[in-house]
Amino acid sequence: MNEAEINKLHRSIQTLLTQRRLKEAQTQTEALITQSGDWNLKDRQEQNKTAYQYMLDYLRQGFDDPERESLYERLRTEQKEMADRARILALDKVSPRYFHELRRSYVLLQEPPSLEGRLRILQDINDTMSLYLLPPANGHIPHELRLNFETNARQLFLDVWAQDFWTAEDSKQARLWLEAGAAPLTALCLMISAVGLNQLELFDPAKIQWLLQALDLPDVEARERALVGLTMALLRWGSRVDDYPELAELLQAHDREQGLGKRMNTVLIQLYRSCGTDRIKRKMQEEIIPTVMQHKDLFRRLNLSPEEDEDFNPDWDEALEKTGLNDKLREMNDLQLEGNDVYMSTFEHLKGYPFFQEMPNWFWPFDPQHSAVCEIVEQSDGLGSLLYPFLEAGFVCNSDKYSMILMLNSLPVSQRELMLGQLNQQFADVPVNPERLGRLQNHAAQPEVVSNQYIHDLYRFFKLFRRRTEFTDPFKEPADPYSSPIMRSLVQKPELMQEVAALYFRQEKWPQATEIYQFLSNLEGIDAELFQRLGLCYQKQKDYANAILAYQKADLRKPDSLWTLRHAATCQRLSGNYEKAIELYRRAQQARPNDLSLVYYEGICLLAEQDYEEAQECFFRVDLGEEHSLRAWRGIAWSALMLNKWEQAIDYYNRIPESDRTGDDWLNLGHVYLIAEDLPHAAETYSRAAACFGSHEEFCRAFDRDRVSLIELDADDSALPLIKDLVL
């Protein structure tokens, strides 16, 4: 079997077990175990089959077995576990993916240290390094000692990430890492990341329980990594947790006692927000950066030093406003304050350094003592002191901090000084202003900031790592947070769902927002705003019938809201319910009498109802209130045509400047000449219309659309096909 066939067979087994078709699943699992070549699994499978056969025999003989249901569930769970193990072992033989390549390499090498053994090694190295922080060394740690720690920490990460399923002994040793002060913080963070990433490869309840226990760690960096890893694992494998009631109870107890669901919901929002990073990146690359480059001389003039303030010209501010960049920068600033990843486009091109060739380095907590950057940070030219505020501020993730320093080190001295000067301007007062530095550090240490920056690290790994195509990208398609019972018990709470729905709403992900708002709309005590949002979600998807129902419920809760009336009227108009739309537009005008847009659309609906006199009155009101109102002139002209006021129709169509005329304007003017029996002008005008439409086929479609109206105006039906040929 190849990789695709193994995964297909595994999915089939899991589907059968979900459908409670155990015997068929056993048959298919046997084939997968044969492919894996593991004799221990084969023995376990035989025991599972034998136990199930005894159960069936007892059932056939009519014996009452009070343990039947619990035994069946145990056998079904064991079958899932064996299928999981067989899949991993079978893929180890054939898959070129890094995960299985690494696992194959362990077969050829000496067995790596246990989790406890690796902990002792790292503890000893860390203790030795700590001695160098004291006099006379005063922090000058030998390079070889640093490398030894980093090598062992990297290997720990790879060992844990490539493990399949923890035994009871593995779990016992893993818990040693969670004891207070037992593990060096950097190594602990790397281990937590490795466990979290491992759970994207396979489902192991022991590791999920360990991540849950890690949520009680005192260090915020380690704790938030565990929270992100746990959330992503449950998004992927939540349905499997039901097979382990004790694990489900632990999760729910943590929710009751420490608010796990609320914490996970924060991470969910951050994960879903990161899925929109590509949109932000495109905006930076296609709008903001080109605008800056186009007006770089203007920006150079604006970037004056304090001693040059007298040279500032106020006209430059006006020129900047005209570029439209100020609005875009304000938008990007708002996105950053919300926690969006606005630096991806800046740093994605700085991941080619050798540092990022190693998978564990993408998850390395920023450490100025790391061998890749320590010499740069400790340089005597002041680089470290200038970078310190930037690194402490919590604006960028760990991965980008390493990129920044590695990039600075690779620059010529002049360019490095220029960039440092810009950094120095932004953080000039921080080294001498402990209060501001404290605020930056406090901000960076907030749990939601730490988890958000870690998610940015994850995003960069899955999008930029050299072997990224060998991983399933969790940011490609957001998982449904309410698809499994355990996730529903944790995060399907109205106040939490509102937050997720609001994010989808801001991101204009209308189907996802609709699903949540629809669920919430069935609860007690829902206010008008939720129904307004639900209505808009349906409206954006062109589901006008459901949008109208939602707007009606919003109107009941908050009568005569201009926003509700306007949107409900639009949906009625687009649904062809013109009479109801007119009623709503008139109600809306009572709330805002001078809103000419409402008057205009009332006129459009009156046109559709063939009430041309009333429609023309609406368009005259718009023309009176708006200067050079093309939309009003078009409405007046068409109404005049349908009222046989040909001179008036020609007058208003001719008011529209030729540069602003559309194909429909020329077509409608041609209709006026046709009905007025001015065929030379009609032919000329229709030819202009055909040129605007771009093709004769488009012209014919537009002409045929008005055929019924032309016949109502006594046009000769037999002559209409000739008119279309006249313009060829």
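Attention in this report is confined to the structure presented alongside it. What you are looking at is a predicted structure, and each value in this text was computed from that prediction instead of being measured. (Residues numbered from 1 in each chain as written. Predicted model: local features only at pLDDT ≥ 70, side-chain atom pairs only at ≥ 80, totals over all residues. Heavy atoms only, no water.)

Scanning the protein chain for helices and strands turns up 40 helices and 0 strands. Taken over C-alpha atoms, the radius of gyration comes to 34 Å for the protein chain, far larger than the 27 Å a tight globule of 728 residues would show. Once the C-alpha set of the protein chain is aligned to its principal axes, its extents read approximately 100 × 95 × 55 Å. Partitioning the intrachain contacts of the protein chain with sequence separation of at least 6 by distance along the chain shows that 66% fall at a separation of at least 24. (Helix = DSSP H or I, 4+ residues; strand = E, 2+ residues; numbered from the N terminus. Rg over C-alpha atoms; globule rule 2.2 N^0.38 Å. Contact = heavy atoms within 4.5 Å.)

All right, on to the state of the cysteines then. Here the structure, examined in full by the defined rule, presents 0 disulfides. Here Cys692 is not disulfide-linked; the sulfur of Cys700 is the nearest cysteine sulfur, at 15 Å. Taking the relative accessible area as the measure of exposure, Cys700 reaches 16% and is therefore buried. (Disulfide = S-S within 2.5 Å. Buried < 20%, exposed > 50% of the residue type's maximum accessible area, 1.4 Å probe, protein only.)

Among the surface-exposed residues, Glu579, Glu583, Glu609, Asp611, Glu613, Glu614 and Glu617 lie close enough to one another that they form a single negatively charged patch. For the negative patch, the element with the most residues is helix 33 (residues 612-625), which contributes 3 residues. Secondary-structure assignment places Glu583 in helix 31 (residues 578-591). (Patch = residues over 30% accessible without salt bridge, like charges linked within 9 Å, V, L, I, M, F, W, Y side chains within 5 Å. Areas by Shrake-Rupley, 256 points an atom, 1.4 Å probe, with all protein chains shown as cover. Salt bridge = Lys/Arg side-chain N within 4 Å of Asp/Glu carboxyl O. Lys, Arg positive; Asp, Glu negative; His and termini not counted. Charge placed at Lys NZ, Arg CZ, Asp CG, Glu CD.)

Here the focus is the packing of aromatic side chains. Within this structure, the stated rule accounts for 36 aromatic pairs. Of note, Arg533 hangs over the ring of Phe505, and the distance from its end group to the ring centre comes to 4.6 Å. Sitting over the ring of Tyr600, Arg631 keeps its end group 4.7 Å from the ring centre. (Phe/Tyr/Trp six-rings, centres within 6.5 Å; stacked < 30°, edge-to-face > 60°. Lys NZ or Arg CZ within 6 Å of the ring centre and 35° of its normal.)

Taken together, Tyr54, Tyr58 and Phe63 make up a surface patch of nonpolar side chains, about 350 Å² in accessible area. On the secondary structure map, Phe63 appears in the loop between helix 3 (39-60) and helix 4 (68-94). Classification of Phe63 by relative accessible area gives partly exposed; the value is 45%.

Within the secondary structure layout, Lys724 lies in helix 40 (residues 720-726). Residue classification places Lys724 among the buried residues on the basis of a relative accessible area of 17%. Within polar-contact distance, the side chain of Lys724 engages the side chain of Asp704 at 2.9 Å. (Polar contact = N/O pair within 3.5 Å; in protein donor to acceptor, adjacent residues only side chain to side chain.)

What follows deals with helix 7 (residues 143-162). The α-helix winds at 3.6 residues per turn, so residues separated by three or four positions along the chain end up facing the same way. The end-to-end C-alpha distance of helix 7 is 29 Å, a good match for the 28 Å that 20 residues give at a rise of 1.5 Å each. Taking burial as the measure, the 20 residues of helix 7 include 14 buried ones, the bulk of the element. (Expected span 1.5 Å × (residues − 1).)

General note: in soluble globular proteins, nonpolar side chains tend to be found buried as a group. Ranked by size, the top nonpolar core spans 189 residues in total, and within it Trp161, Trp177, Met191, Trp210, Met359, Phe363 and Tyr517 carry the most contacts. Counting 19 residues, the second-largest nonpolar core is a separate cluster that includes Ile13, Leu16, Ala83 and Ala90. (Core = buried A, V, L, I, M, F, W, Y, C linked by side-chain atoms within 4.5 Å.)

Bringing the pattern of salt bridges into the picture now. As enumerated under the stated definition, the model contains 44 salt bridges in all. Salt-bridge contacts for Glu101 lead to Arg467; the nearest nitrogen and oxygen are separated by 2.9 Å. On the criterion of sequence distance, the pair formed by Glu101 in helix 5 (residues 98-108) and Arg467 in the loop between helix 24 (447-464) and helix 25 (485-491) is long-range, its members being 366 residues apart. What makes Glu101 partly exposed here is its relative accessible area of 34%. Asp278 serves as the salt-bridge partner of Lys281, at 3.9 Å between the closest nitrogen and oxygen. Of this pair, Lys281 and Asp278 both sit in helix 14 (residues 277-294), separated by 3 residues, roughly a single helical turn. By relative accessible area, which is 18% here, Lys281 ends up buried. Salt bridges sharing common partners tie together Arg20, Glu69, Glu73, Arg76, Lys80 and Asp243.

Quick look at the side chain of Asp204 now. Mapping Asp204 onto the fold places it in the loop between helix 9 (185-198) and helix 10 (205-214). A residue is classified by how much of its surface remains accessible, and Asp204, at 3% relative accessible area, is buried. Among the polar contacts listed, one links the side chain of Asp204 to the backbone nitrogen of Trp166, at a separation of 2.8 Å. Setting aside its immediate chain neighbours within four residues, Asp204 contacts Asp164, Phe165, Trp166 and Gln199.

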